[in-house]
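Chain by chain, the residues:
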Amino acid sequence: MNNTKTGRFGALVAAALFGLAAVGCNNAGEGALTGAAVGAGTGAIIGSFTGNAGAGAAIGAATGALGGAVIGDQNERADRRAREEAHRSDREYQEYRRWKEQQEREESNDYRY
């Protein structure tokens, strides 16, 4: 394999591993740790193809930590928005039920007289 093909293959492997690891990151801290670990591993692999595994691991860890933190933060925000929406929907449903029960009571009172 020449260096161009090796670099492309390494980049593809790094992107695939980072994508798989980022899916499970629920907050910025988890994302940073997972991203750093995956980045260091893939950076070391890619760096070993070019003859400098240590530099590749360091660059991969820094890049992975940053990317993982961003993805983890976005996942956490999305989860928070979903919980808030569910809570709001539940509250609106409860208000509707109370209104409906009040309407039924008033309607039954109208028939008594």
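Numbers given to residues run from 1 along each chain, matching the order in which its sequence is written. Totals for whole chains, interfaces and linings use all residues, but because this is a predicted model, local features are given only for residues with pLDDT of at least 70 and pairs of side-chain atoms are given and counted only at 80 or more. Hydrogen atoms and water are omitted, and side-chain values are computed over all heavy atoms in the structure.

Once that is clear, we can look at the overall build of the chain. The helix and strand inventory of the chain stands at three helices and zero strands. Secondary structure elements of the chain, listed N to C terminal, follow the sequence α-α-α. Throughout, exposure labels follow a simple rule: accessible area from a 1.4 Å probe, protein chains only, divided by the maximum for the residue type, with under 20% read as buried, over 50% as exposed, and the rest as partly exposed. Taken across its 113 residues, the chain has 19% of its residues classed as buried. Pairs at least 24 residues apart make up 64% of the contacts formed inside the chain by residues separated by at least 6 positions. For the accessible areas, the method is Shrake-Rupley and the probe is 1.4 Å, while residue cover comes only from the protein chains on display. With the model as given, the accessible surface of the chain reaches about 8000 Å², and the carbon-plus-sulfur share is 58%. Numbering of helices and strands runs from the N terminus; a helix is a DSSP stretch of H or I covering at least four residues, while a strand is a stretch of E covering at least two. Contact criterion: two residues are considered in contact whenever any of their non-hydrogen atoms come within 4.5 Å of each other.

Further remarks concern the packing of aromatic side chains. Any two rings among Phe, Tyr and Trp, with Trp reduced to its six-membered ring, count as a pair given centres within 6.5 Å; such a pair is stacked if its planes are under 30 degrees apart, edge-to-face if over 60, and tilted if neither. Counted by the stated rule, this structure contains one aromatic pair. Geometrically, the ring pair formed by Tyr96 and Trp99 is tilted, given 6.0 Å between the ring centres and 35° between the ring planes. One end of the pair, Tyr96, and the other, Trp99, are both in helix H3 (residues 53-112), three residues apart, so they sit about a helical turn from each other.

Where nonpolar side chains cluster on the molecular surface, the patch consists of Tyr93, Tyr96 and Trp99 and spans about 380 Å² of accessible area. Residue classification places Tyr93 among the partly exposed residues on the basis of a relative accessible area of 47%. Within this analysis, patches are made of residues with over 30% relative accessible area and no salt bridge. Like charges are joined at 9 Å or less; nonpolar side chains (Val, Leu, Ile, Met, Phe, Trp, Tyr) at 5 Å or less. Any carboxyl oxygen of Asp or Glu within 4 Å of a side-chain nitrogen of Lys or Arg constitutes a salt bridge here.

Moving on, we come to the pattern of salt bridges. Counted under the stated rule, the structure contains five salt bridges. One salt bridge connects Asp73 with Arg77, and the closest N-O pair in it is separated by 2.9 Å. Taken as a pair, Asp73 and Arg77 lie in helix H3 at a separation of four residues, close to a single helical turn. Among the residues examined, Asp73 registers a relative accessible area of 24% and is labelled partly exposed. Its relative accessible area of 41% is what places Arg77 among the partly exposed residues.

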